[in-house]
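# Chains, contacts and geometry: an overview
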Amino acid sequence: EAGVAQSPRYKIIEKRQSVAFWCNPISGHATLYWYQQILGQGPKLLIQFQNNGVVDDSQLPKDRFSAERLKGVDSTLKIQPAKLEDSAVYLCASSLVNPGQTSYEQYFGPGTRLTVT
Amino acid sequence: AQRVTQPEKLLSVFKGAPVELKCNYSYSGSPELFWYVQYSRQRLQLLLRHISRESIKGFTADLNKGETSFHLKKPFAQEEDSAMYYCALRAIYNFNKFYFGSGTKLNVKP
C-alpha cells in the first residue's frame, strides 16, 4: 500500500510569513495526526482528526496555527504568521483503527522541514 | 500529567554487546506503550508494542507497571540497529493521544 504523503519536503520562510503543509494519509485510515518535532526532541502532537472531525487540538497554538481535514481524507496545516520558534519538522501520521479498538499503529509520512529565518 | 522520559540521548555499544534503551512513563490510567524507530533517512516506524508481547528484530520490551518502565532490550546488538529510538505512550482515556519521549540515538560500533 502507498504510504503517507507529505509536501513540501522542505520550506524556508521569513518570520511573519505564512506557510501551509499538505498531508495525504493512507487510503481508508480514519485517524490523522499532525506532530511538531523540534530538533533534539520527540514528536509533539498538535492536532488529531477522526474522519473530518477534530478529536484533540489542545496543543495547537490556535492564534497562529490552523488545520483542516477535507472530506475526511487530505489535511492541511497552516501557520500564519510564522515565528522563529516554529522551525521544526512537521510530521503527519495516520492510523486505521477507530477509537475504542486496541491496535493503534501509526504510519508516518516523511515530514516537512520548516526553517523560519 | 502524561509524560514519557528517555534519560539517555546517546547510547554507544560495540557489535555483539547487549543493549538496553530506557523508557519511563507517568500516566494515571492503563497506558499502551510503543517503541518507534527511525533509521537514517527513513520515516519513523513502529518497532513493537507492549500488547503484542513480540520480539521484533531481536528486540523485546516488557511493561513494568510497578516501576512505570518499558525498557527496550536486545541481547546482541548489530550495526544495522543504529538508529533513533522513541518510546511512546497512548493515553487510552485521553482521546487516545500519543506522547513521545525525546529519543535515544543508538550507535552500534563495529
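Residues numbered from 1 in each chain as written. Chains lettered and ligands numbered in written order. Predicted model: local features only at pLDDT ≥ 70, side-chain atom pairs only at ≥ 80, totals over all residues. Heavy atoms only, no water.

Residues Trp35, Leu72 and Tyr85 of chain B are the most contacted members of the largest nonpolar core, which totals 27 residues. Listed by contribution, the elements that provide at least two residues to this core are strand S2 (10-14), strand S3 (19-21), strand S5 (32-38), strand S6 (45-49), strand S9 (83-91) and strand S11 (104-109) of chain B. Ignoring any residue separated from it by four or fewer positions in sequence, one finds leucine 72 of chain B in contact with Val19, Glu20, Leu21, Trp35, Leu47, Leu48, Phe59, Thr60, Ala61 and Tyr85 of chain B. Ile13, Val19, Ile47 and Leu77 of chain A belong to the second-largest nonpolar core, a separate cluster that totals 21 residues. (Core = buried A, V, L, I, M, F, W, Y, C linked by side-chain atoms within 4.5 Å. Buried < 20%, exposed > 50% of the residue type's maximum accessible area, 1.4 Å probe, protein only. Helix = DSSP H or I, 4+ residues; strand = E, 2+ residues; numbered from the N terminus. Contact = heavy atoms within 4.5 Å.)

Here the focus is the interface of chain B and chain A. With 18 residues of chain B at the interface, the matching set in chain A holds 26 residues. Between chain B and chain A the total buried area reaches about 1700 Å² when both faces are included, carbon and sulfur atoms providing 50% of it. The largest per-residue losses of area from chain B upon contact with chain A belong to Arg43, Lys97 and Phe98 of chain B, which jointly make up 31% of the total buried on that side. The tally of links between chain B and chain A comes to two salt bridges. Between aspartate 56 of chain A and lysine 97 of chain B there is a salt bridge, with its nearest N and O atoms 3.5 Å apart. Linking chain B with chain A are eight residue pairs in polar contact (both at pLDDT 80 or more), by the criterion used here. Of all the elements in the fold, those that place two or more residues in the side of chain B that touches chain A are S5, S6, S9 and strand S10 (97-100) of chain B. Residue composition of the side of chain B that touches chain A, by class: nine nonpolar, three polar and six charged. (Buried area = accessible area lost by both parts, 1.4 Å probe. Salt bridge = Lys/Arg side-chain N within 4 Å of Asp/Glu carboxyl O. Polar contact = N/O pair within 3.5 Å; in protein donor to acceptor, adjacent residues only side chain to side chain. Nonpolar A, V, L, I, M, F, W, Y, C, P; charged D, E, K, R; others polar.)

As a further point, take the pairing of S6 of chain B. Residue and element names in this part refer to chain B. A large share of S6 lies buried, amounting to four of its five residues. In this structure, S5 lies alongside S6, joined through four bridges in antiparallel fashion. Paired with valine 37 across the bridge in S6 is glutamine 45. (Pairing = 2+ DSSP bridges.)

Inspection of every chain in the model, using the stated rule, returns eight salt bridges over all chains. For lysine 62 of chain A, the salt bridge identified is with aspartate 57 of chain A, shortest N-O distance 3.6 Å. The partly exposed category is assigned to aspartate 57 of chain A, whose relative accessible area is 25%. The partner of lysine 22 of chain B in a salt bridge is glutamate 20 of chain B, and the shortest N-O contact between them spans 3.2 Å.

This part takes up the sheet that holds S3 of chain B. Pairing between the strands of a sheet is mediated by backbone hydrogen bonds and can be parallel or antiparallel. Residues and elements named next belong to chain B. As summarised here, the arrangement of the three strands in space is S3-S8-S7, forming an open sheet in which the pairing is antiparallel. At either end of the open sheet lies a strand with only one pairing partner, and these are S3 and strand S7 (60-61). Taken together, the two bridges between S7 and strand S8 (residues 72-74) define a ladder with antiparallel strand orientation. Bridging across to S8, threonine 60 finds its partner in lysine 73.

Turning next to the sheet that holds strand S1 (residues 5-7) of chain A. Residues and elements named next belong to chain A. Taken in spatial order, the four strands make up an open sheet running S1-S3-S8-S7, and their pairing is antiparallel. Sheet topology places S1 and strand S7 (65-69) at the edges, where each strand pairs with a single neighbour. Each neighbouring strand pair of the sheet contributes to a mean axis angle of 15°, computed without reference to strand direction. Relative to strand S8 (residues 75-79), S7 runs antiparallel, the two sharing five bridges. Bridge pairing in S8 links serine 66 to lysine 78. (Axes fitted to C-alpha atoms, helices over the stretch in contact; angles between N-to-C directions.)

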